[in-house]
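Remarks on the overall topology
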Amino acid sequence: FPSHDRNMKYQATVRMSIEQAKPLIDAAEALWAEFKTEIKFKGNAKTNPQSLPKSIGYKPAEDKDGDNYTAIEGFVDITAKTSTTYPKDDKPKKILVYNAKGQKINFPEEKAIGNGSKGALAGSLGTYHQAGEAGITFYLDAVQLTKFVEYQGAEANFAAVEDEDGFEGVDEDLPFTTSDSLS
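Before going into details, it helps to say that this report is about the structure given with it. Here the residue index of a chain counts from 1 through its sequence in written order. In keeping with the predicted nature of the model, local features appear solely for residues at pLDDT of at least 70, side-chain atom pairs appear and are counted solely at 80 or more, and the whole-chain, interface and lining totals rest on all residues. To get the side-chain values, all heavy atoms of the structure are used, and hydrogens and water are removed first.

A separate point is the overall build of the chain. Under the DSSP-based scheme used, a helix requires at least four consecutive residues in state H or I and a strand at least two consecutive residues in state E, with every element numbered from the N terminus. Assigned secondary structure in the chain consists of one helix and seven strands. When contacts within the chain are restricted to residue pairs at least 6 apart in sequence, long-range pairs at least 24 apart make up 63% of them. Only heavy atoms matter for contacts: two residues are in contact if any of them lie within 4.5 Å across the pair.

Written out as structure tokens, the structure is:
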């Protein structure tokens, strides 16, 4: 889980068939239809691009292969997110985590949920209007894990550079160590 920083967010994305997601899509679109009438857009709201939502909480599903994206017909990705702190007092916010049997668990803070994990999300729809942008968002409240895959991070796999004056990062004055010196 991320550190408790105002700009950090908990985020999870679920891929659903359009048929499965229809109640959420309908609710998000109805909320936007109602909310956009309350927003004071500059100029004519019918022709002003600002009268279109920046986000409506879901988007067509895509698979990424390198720099290429391929649409997945009949599916949408719904991303739910929320800040790691409460805005009024900056106190840490914790997302509830449940196991496959529906029991609340104490998820270790040093672990992170990785791609390939499966489960369900709980949250709520909300509106936002700030800095000239408006839209609909799904706020994340809880996660149920039916399959857990731990986030592993990324490896760069750099090759060694044969330069006798090259930086090694292990000088006494610098706070770096090599992976060989870590225990």
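Take helix α1 (residues 18–35) next. Along its length, α1 reaches its greatest deviation from straightness, about 35°, at Leu24. Throughout this description, buried means an accessible area under 20% of the type-specific maximum (1.4 Å probe, protein chains only), exposed means over 50%, and partly exposed covers the range between. Buried residues of α1: Ala21, Ile25, Ala28, Trp32 and Phe35, and no others. As for α1, its buried residues are in contact with β1 (9–17), β2 (58–65), β3 (68–83), β6 (118–130) and β7 (133–147). Two axes are fitted around each residue, one to the seven residues ending there and one to the seven starting there, and the angle between them is reported as the bend at that residue.

Two strands pair if DSSP finds at least two bridges between them. Bridging between strand β4 (residues 96–98) and β7 involves three bridges; their strand directions are parallel. In the sheet register, Val97 faces β7, and the bridge partner there is Val143. Of the pairings in the sheet, the one linking β6 to β7 comprises 13 bridges and is antiparallel in character. Pairing of Gly119 across the sheet is with Leu145, part of β7.

All right, on to the packing of aromatic side chains then. Geometry of aromatic contacts follows a simple scheme: Phe, Tyr and Trp rings, the Trp one being its six-membered ring, pair when their centres are within 6.5 Å, and the pair is stacked under 30 degrees between planes, edge-to-face over 60, tilted otherwise. What the rule picks out here adds up to two aromatic pairs. Taking the centre distance of 5.5 Å and the plane angle of 80° together, the rings of Phe107 and Phe148 count as edge-to-face. Of this pair, Phe107 sits in the loop between β5 (104–105) and β6 while Phe148 is found in the segment after β7, placing the two residues 41 residues apart along the sequence. Taking relative accessible area as the criterion, Phe107 reaches 8% and is therefore assigned buried.

Its identity is not glycine, yet Asp90 carries a phi of approximately 60°, on the positive side. With respect to the helices, strands and loops of the structure, Asp90 is situated in the loop between β3 and β4. Residue classification places Asp90 among the partly exposed residues on the basis of a relative accessible area of 40%.

Take the pattern of salt bridges next. Salt bridges are defined as contacts in which a side-chain nitrogen from Lys or Arg sits within 4 Å of a carboxyl oxygen from Asp or Glu. The final tally for this structure, using the stated rule, is five salt bridges. Of the charged contacts, one joins Lys111 and Glu150 as a salt bridge, the two residues approaching to 3.3 Å between their closest N and O atoms. With Lys111 in the loop between β5 and β6 and Glu150 in the segment after β7, this pair connects stretches of sequence that are 39 residues apart. Take Glu150: its relative accessible area is 30%, and that puts it in the partly exposed class. Where salt bridges share partners, they join Arg15, Asp63 and Asp77 into one cluster.

Nonpolar side chains tend toward joint burial in soluble globular proteins. If you look at the biggest cluster of nonpolar residues, it comprises 23 residues, and the most contacted ones within it are Ala21, Trp32, Ile56, Tyr58, Val76, Ile78 and Leu140. For this core, the secondary structure elements donating two or more residues are β1, α1, β3 and β7. Per-element accounting of this core gives the leading share, six residues, to β7. Note on terminology: a nonpolar core comprises buried Ala, Val, Leu, Ile, Met, Phe, Trp, Tyr and Cys residues joined through side-chain atoms within 4.5 Å.

Direction of pairing for β2 relative to β3: antiparallel, over a ladder of seven bridges. Across the sheet, Lys59 pairs through a bridge with Asp77, a residue of β3. What sits between the antiparallel neighbours β2 and β3 is a turn of two residues, in which Gly66 has the positive phi angle 70°.

It is worth stressing that arrangement in space is one thing and function is another; only the former is reported here.
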